[in-house]
Amino acid sequence: MTAADLWEAFSRADLDPDALALGDLTRRTAVARATELAERLRAQGVRPAEAVGLQGPNQPEWVLGLLALTAAGACPVLLPTDSPPAETRRLLRTARARRTLVADHDEADGAVLRAADDEANGALVGDGITAADAGSDTAAHTPGTVLLVSSGSTGTPKLVARSPRSVLDEGVRYHRAGLARPDDCVLLPLPLSHAYALGWLAGALVAGAHVDPVPPRAVGAVHTRLRERATVLVTVPGLARVLARRRALAADAPFPALRRVMAGAGYVDAELDALWTRTLGVGVSRNFGSSETGSVLWGDPGLPSGAVGRPMPGVRVDLLDADGTPLPGQGAVQGELAVVLEDGSTHRLHDLAERDERGVHRILGRARLGVVRRGARWVSTMEVESVLRAAPGVADVSVTATGPEDSDDRGLTVEYVPADAELAAPQRVQAYARAELAAYKVPDSFQPRYRLRRSAVGKAQAAPVYRLARAAARPGGTAEQVLAAALTELGLAPRLADGGTTADLARTAGLRADVLSSVLDTACALGLLVTDTASAGAPDAWSYAPDVVSAGRTLAARVRGEAPGEAPRLPAGPPAPEKDLRATVEALLAEAAVDGALLEIGDGGAPPAGDAEYGACVVLGGVHGPAAQLGSLAALLKPKGLLVVADAFVPDPLSLTDGPSRTTVVRWLVDGHLHWWTTQELRGGLEAVGLRVEESHGAEQAPYAILAARKPS
């Protein structure tokens, strides 16, 4: 590959200028737009080797922004769209970036270069860097270097620098392996800021293929592209499960153009591979790598659970013993992964793997986090997670090691989200584990949670350390004041000045960790707490109106596990569903042709006792509830029965930007409605109790949305 960077690879003269190259744009149009944007960036003072943030939704404009920054010689900082503002500011400070290119078709000319906001500028000045010279320290990076945010699953997110040559070398691997071909249309419904997506993007650009980026959760757009033109679908295991269970995709399969489905950045088990093969006729290929190296292993469908195949072209993969010595290249061995890249550099990946007699690698987990020594046996937490994910009523699961890292008999703890409190009671999940796993693999503790922290590509994130964001500032809005009053009532403010994890704070104060986790995450989303910087000390005493104090005490009682007492009046929740929402539900039921009686459950109602009596069940404004009861709802339906849920939802509980969402979430906390805050969470819960989600769409009156799920025959 003679190109110097991604821009040269995309704009080279030997490619057809009139062929589709980026979304619905031809190569000629895309090159012209990227060239014009690069000229505008230079005119606005962007200098070679200057770090510039890049942020925006998964759209062609994001790729054009990356290409334009590369053409201008800048160093793009790929900012995850799901990062909270405080984390984004920290990443920009770390990169010494004073500006961000916001790439979005809703912006003027598709992209706009924005200076850091006042708070970020203040932080830069506080670090001894003025807003004028922030970003001037460019000697450390070559022009065109891409700065990636490492996965949160390995600890606190940090920046990883990938040189232009490194990115291109990874693209060449995909091309040489035949994964990206010139006649391909590569569909990318995953966060473009992630290292996994960058590698596939580079592979498509090197091959001269058509790149089609769509939002990660736009299942309808994925369906449309598969019907129209996509030949390669790049996804992650969680999204792959959702797609394979979508009725429209299965009904329209096989898709004649689709030749490969690749799932990376997560554990792929044989069940997922079989699900795709059975429903869509194409098995799941595997991909494995790191932010520093890009993809280094890949394999065709049909591999065992956890297997990721053989080395990619141009890469040498070794397994090291405890002393760092390469193990024999023949036969079955276990060791730490190390790779030698095209430029001769060696990287220890800190992942443990085993290689079988055929040379196929199987990832066991992180050397310190994912592989646990229990007596004379090694246990992969990813394998245990994969098994428990299939337990009845388990919507999400994370397995972690406990005890000293140097112990040869460590413990295992399971945190999981139950879709039904009875169906997935801890003793039942434990019994399932004992039936499905060898005795030495069965975890010691099973802890129900309302939700698990996950990155944009579905990786479980390390437990964050929470700290006060503003030591002496009095919270302004009512929602913020209620949370501050609850933290004060619980006596957590002094502890949060020093920082602590949910487990630490719950243990020292005798609190319910599951409820406290949601409270602390919401406090982060509202700006009361941070997880990335130290605070300046304990806050001054706060005083509030009586209703705010009452709401704070009610919430504190829930965190303590006490009866909450009289319901407070503040803050107000979302209004009851409007007539238009009911009309939409009725139209959906009429189209579905319900066979049997219809049951309606309103806000605050509970499912009646019964068994498979109804052809349809409608839940209006009450699915969040104080307890998970999706299994009880599913039990009411006859085979082929339909469950329709219309309720208020928030896009992301960790990023609450508008006033109504903030008020809604705090109202849910105070009322004890801690389940299913997002449609994605509810979808996972419905599937965990055996229902198949057919439709999901937003109602015209935000924040409501409607989901429809059917009981299999």
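Residues numbered from 1 in each chain as written. Predicted model: local features only at pLDDT ≥ 70, side-chain atom pairs only at ≥ 80, totals over all residues. Heavy atoms only, no water.

### Some remarks on the packing of aromatic side chains
Considering all chains together, one arrives at two aromatic pairs under this definition. Ring plane angle 45 degrees and centroid distance 4.6 Å describe the contact between Tyr-174 and Trp-200, whose orientation is recorded as tilted. One end of the pair, Tyr-174, is in helix H6 (residues 164–176); the other, Trp-200, is in helix H7 (residues 195–207), and 26 residues separate them in sequence. What makes Tyr-174 buried here is its relative accessible area of 0%. Take Trp-200: its relative accessible area is 0%, and that puts it in the buried class. Look at Trp-668 and Trp-677: their rings are 5.8 Å apart centre to centre, the planes differ by 40 degrees, and that puts the pair in the tilted class. For Trp-668, a relative accessible area of 5% puts it in the buried group. (Phe/Tyr/Trp six-rings, centres within 6.5 Å; stacked < 30°, edge-to-face > 60°. Helix = DSSP H or I, 4+ residues; strand = E, 2+ residues; numbered from the N terminus. Buried < 20%, exposed > 50% of the residue type's maximum accessible area, 1.4 Å probe, protein only.)

### Examining the sheet that holds strand E22 (residues 394–402)
Taken together, the three strands give an open sheet; going across it, the order is E22-E23-E24, and neighbouring strands pair in mixed fashion. Each having just a single partner strand, E22 and strand E24 (445–448) make up the two edges of the open sheet. In this sheet, neighbouring strand axes are inclined to one another by 20 degrees on average, regardless of whether the strands run parallel or antiparallel. Bridge count between strand E23 (residues 411–418) and E24: four bridges; the pairing is parallel. Within E24, the position partnered with Val-414 by the bridge is Phe-446. Set on the sheet, helix H12 (residues 381–388) makes contact with E22, E23 and E24; between it and E22 the angle comes to about 155 degrees. (Pairing = 2+ DSSP bridges. Axes fitted to C-alpha atoms, helices over the stretch in contact; angles between N-to-C directions. Contact = heavy atoms within 4.5 Å.)

### As for empty space enclosed by the protein
Across all of its chains, the model carries two cavities of 30 Å³ or more by this definition. The space that makes up the second largest cavity amounts to roughly 30 Å³. Lining the second largest cavity we find Asp-5, Leu-6, Thr-70, Gly-144, Val-146, Pro-164 and Val-167. Here the residues of the lining of the second largest cavity are counted per class, giving four nonpolar, two polar and one charged. (1 Å grid on protein atoms, 1.4 Å probe; cavity = no way out; pocket = protein on both sides within 12 Å on 5 of 7 lines; lining within 4 Å. Points joined across faces, edges and corners; volume = space filled by probe spheres on them. Nonpolar A, V, L, I, M, F, W, Y, C, P; charged D, E, K, R; others polar.)

### A closer look at the pairing of strand E12 (residues 260–263)
Here E12 shows two buried faces, one formed by Arg-260 and Met-262 and the other by Val-261 and Ala-263. Examined bridge by bridge, strand E11 (residues 232–235) and E12 share four bridges and lie parallel to one another. Bridging from a neighbouring strand, Val-234 pairs with Met-262 of E12.

### Examining the environment of Leu-233
With respect to the element layout, Leu-233 can be found in strand E11. Looking at Leu-233, the relative accessible area reads 0%, which means it is buried. Once the C-alpha coordinates of Leu-233 and Leu-258 are considered, the two residues, 25 residues apart in sequence, prove to be 7.6 Å apart. If we skip the residues at most four places from it in the chain, Leu-233 touches Leu-187, Pro-189, Val-222, Leu-243, Leu-258, Arg-260, Val-261, Met-262 and Trp-276.

### Some details on the pattern of salt bridges
All chains considered together, the criterion is met by 36 salt bridges. One salt bridge connects Glu-694 with Arg-710, and the closest N-O pair in it is separated by 2.9 Å. Here Glu-694 is found in strand E30 (residues 692–698), whereas its partner Arg-710 is found in strand E31 (residues 704–710), with 16 residues between them in sequence. Via salt bridges that share partners, Asp-24, Asp-212, Arg-225 and Arg-229 belong to a single interconnected network. (Salt bridge = Lys/Arg side-chain N within 4 Å of Asp/Glu carboxyl O.)

### Some details on unusual backbone geometry
In the segment running from Ala-253 into Pro-254, the intervening peptide bond is cis, with an omega of 0 degrees. Positioned with a positive phi, Lys-640 is a non-glycine residue whose angle comes to about 70 degrees. Mapped onto the fold, Lys-640 is located in strand E29 (residues 637–648). Residue Trp-676 is not a glycine yet carries a positive backbone phi of 60 degrees. Secondary-structure assignment places Trp-676 in the loop between helix H21 (659–671) and helix H22 (679–688).

### Focus on the sheet that holds E31
Taking strand neighbours across the sheet as the criterion, the five strands line up as E27-E28-E29-E31-E30 in an open arrangement whose pairing is mixed. Each end of this open sheet is capped by a strand with a single partner; those strands are strand E27 (597–601) and E30. Taken pair by pair, the neighbouring strands of this sheet meet at an average axis angle of 15 degrees, ignoring direction. Running at roughly 160 degrees to E29, helix H19 (residues 579–592) makes contact with E27, strand E28 (614–620), E29, E30 and E31 of the sheet.

### Brief notes about the confidence of the model for the protein chain
On average, residues of the protein chain score 85 in pLDDT, and 88% of them reach the 70 mark or higher. The secondary-structure element of the protein chain with the lowest mean pLDDT is helix H5 (residues 118–126), recorded at 33, while strand E9 (residues 185–188) shows the highest, at 97. (pLDDT = per-residue confidence, 0-100.)

### Looking at helix H11 (residues 270–280)
Buried within H11 are the following residues: Leu-272, Asp-273, Leu-275, Trp-276, Thr-279 and Leu-280. The buried residues of H11 occupy an angular sector of 160 degrees when projected down its axis, which confines them to one face. On its buried side, H11 packs onto E11, helix H9 (237–244), helix H10 (247–252), E12 and strand E13 (284–290). Following H11 by one or two positions, Gly-281 has its phi on the positive side, about 80 degrees. (Arc of directions from axis to C-beta.)

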